[in-house]
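Descriptive structure summary
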2 protein chains.
Amino acid sequence: MLSKNQVKYIQSLHQKKFRQQHGAFLVEGAKSVQEVLQSDFQTELVIATDEFYKENSRLTDHQRSPVEIASAADLERIGTLGSNNAAIAVVRTKENRPLVINSGEIALILDDIRDPGNLGTILRIADWYGVRSILCSDTTADVYNPKVISASKGSFTRVQWWYGDITQFLHQSTGGAERATPVYGAFLEGADVHTLPFAPSGYLVMGNESNGISPAVERYVTQRVTIPRYGDAESLNVGIATAVLLDNWRRGRGGGPLLT
Amino acid sequence: MLSKNQVKYIQSLHQKKFRQQHGAFLVEGAKSVQEVLQSDFQTELVIATDEFYKENSRLTDHQRSPVEIASAADLERIGTLGSNNAAIAVVRTKENRPLVINSGEIALILDDIRDPGNLGTILRIADWYGVRSILCSDTTADVYNPKVISASKGSFTRVQWWYGDITQFLHQSTGGAERATPVYGAFLEGADVHTLPFAPSGYLVMGNESNGISPAVERYVTQRVTIPRYGDAESLNVGIATAVLLDNWRRGRGGGPLLT
């Protein structure tokens, strides 16, 4: 049985301010909770239906998480999902540490992606295309937002992110005379990705939903790229564009898939 | 000033049952209303803020639409968008007529796409990739759902759809000994689209979000296709997959884009 204080605490984590204050966030629904219990995230508490707990006690035992049994109605009342007959996990956020980008890696840079659904979708796409590192501008949606976690379908457990000053990051990692690391930027007018030969590694910058890549970040883009259009839509959603660009990059640099 | 009956009528169109009964649907927000006013759809009524009306009276005059002036708060109360400071159009639905698919055309077949956001995204992607014909199973989300219209970002004015028995359609258009028209189906295991040579035209079947393509439809698939995976995500969202598959088809059949 959940105490009033527990309910209040969990509901407070719907908001970024309290997630930051408490260093915790919510993971909701059967699949996502199973994934987080098997990841290196630390769970504070799992609230589960009796059925979910019985089927997954191996996972909760393994994490040594305290478990509270609740009804589906309770889960829906304290969480953010319209329908949840499985579980909610309260999970510790990770420290915001700079990422170490290996040479040979393809990394994503998100310049002001505001929509949590888009950010969650991008995590899932990155995970599909084997992109492990995502650098987010401070203005990008909070990765611990329940909508991001939910849209990522568990992929938040397999990709790494860092929030910070991406122009400074680009200055430090690509600046200097040689400009060794290619920085691809998605624009409506750029090189056709169906014919462009891609470098084996580098960065792909995706810009804001309405305004695209900001001028400050654009300065570091070494190659503007575009997805050729065959019809009349004015643009593609940023998640869709990320997938198509990574698909072209992966095929374009040769070599088969790592896993199929 | 909107009458009580007008408000009641508009709100009823949030529901499929009443959209079908009245043969009308809602288009909301500046961009979508501008697009529909310039299309071959017939508008019954436009409810607009004073500002939107002043800036777009040429469009409403052209359509000979009655216009009611309302506040943003009114638009939000009678519509489905959380924020709308521009307009809502009440538009006549089109007759559900069988589509004439030209030889040389790439057409989409949607087998039980349930999520309105996914369907709207797919319309936008089809429009980007120059796909004009979309055949939907009767179980696919209603294209006139406000969420579909909104997610399509105006592309609903440029693509055509038909709802019906897609197995019967496939039987009639691809059956027989010769099987002249290729039917590509998206599966998690199929031919790698990075290396598959695509036919110049044919059908692409996309299946249900949870269950994929149904066995009844699968019988008509002549080529199973898959997007190679380089990481660990279990699947891609159906909208994302549609975009990546169409991108591969368009490039794979040679010839440059029609428009860039």
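Model, not experiment: these values are computed from the prediction.

Observations concerning the overall build of chain A
Summing up its helical and strand segments, chain A has ten helices and ten strands in all. In terms of overall dimensions, chain A is globule-like: its C-alpha atoms have a radius of gyration of 20 Å, near the 18 Å expected for 260 residues. Within chain A, contacts between residues at least 6 apart in sequence are counted, and of these 74% link residues at least 24 apart.

Looking at the relation of the copies chain A and chain B
For these two chains of identical sequence, chain A goes onto chain B by a turn of 180° and a shift of 0.0 Å along the axis, with RMSD 0.0 Å. Look at the turn and shift together and you get a two-fold axis relating the two.

Brief notes about the sheet that holds strand 10 (residues 223-226) of chain B
All names here are of chain B. Across the sheet, which stays open at both edges, the six strands sit in the order 7-6-5-9-8-10 with parallel pairing between neighbours. Here the strands that pair on one side only, and so sit at the sheet edges, are strand 7 (160-164) and strand 10. Taking each pair of neighbouring strands and ignoring which way they run, the sheet shows an average axis angle of 35°. Two elements, strand 8 (residues 183-192) and strand 9 (residues 202-207), share three bridges in a ladder whose sense is parallel. By the bridge assignment, Val183 is partnered in strand 9 with Tyr203. Helix-sheet contacts for helix 10 (residues 238-252) involve strand 5 (106-111), strand 8, strand 9 and strand 10, and the interaxial angle to strand 9 is about 160°.

Some details on the domain arrangement of chain A
Residue and element names in this part refer to chain A. Segmentation of chain A into domains returns domain 1 (4-92) and domain 2 (106-252). The C-alpha-based centres of domain 1 and domain 2 are spaced at 30 Å. With 16 residues of domain 1 at the contact, the number on the domain 2 side is nine residues. Every element with two or more residues in the side of domain 1 that touches domain 2 is listed here: helix 2 (16-22), strand 1 (24-28) and helix 3 (30-37).

With respect to the pairing of strand 2 (residues 43-48) of chain A
Residue and element names in this part refer to chain A. Where strand 2 and strand 4 (residues 87-92) come together, five bridges link them in antiparallel fashion. Bridge pairing in strand 4 links Ala48 to Ala87. Pairing analysis gives three bridges linking strand 2 to strand 3 (residues 67-69), with the strands arranged parallel. When the sheet's bridge partners are listed, Val46 is paired in strand 3 with Val67. On the question of chirality, the crossover connecting strand 2 to the parallel strand 3 by way of helix 4 (residues 50-63) is right-handed.

What counts and how
Residues numbered from 1 in each chain as written. Chains lettered and ligands numbered in written order. Predicted model: local features only at pLDDT ≥ 70, side-chain atom pairs only at ≥ 80, totals over all residues. Helix = DSSP H or I, 4+ residues; strand = E, 2+ residues; numbered from the N terminus. Rg over C-alpha atoms; globule rule 2.2 N^0.38 Å. Contact = placed C-beta atoms within 7 Å. Least-squares fit on C-alpha atoms with pLDDT ≥ 70 in both. Pairing = 2+ DSSP bridges. Axes fitted to C-alpha atoms, helices over the stretch in contact; angles between N-to-C directions. Domains from an automatic or database assignment. Right-handed = clockwise from strand over helix to strand, strands pointing away.

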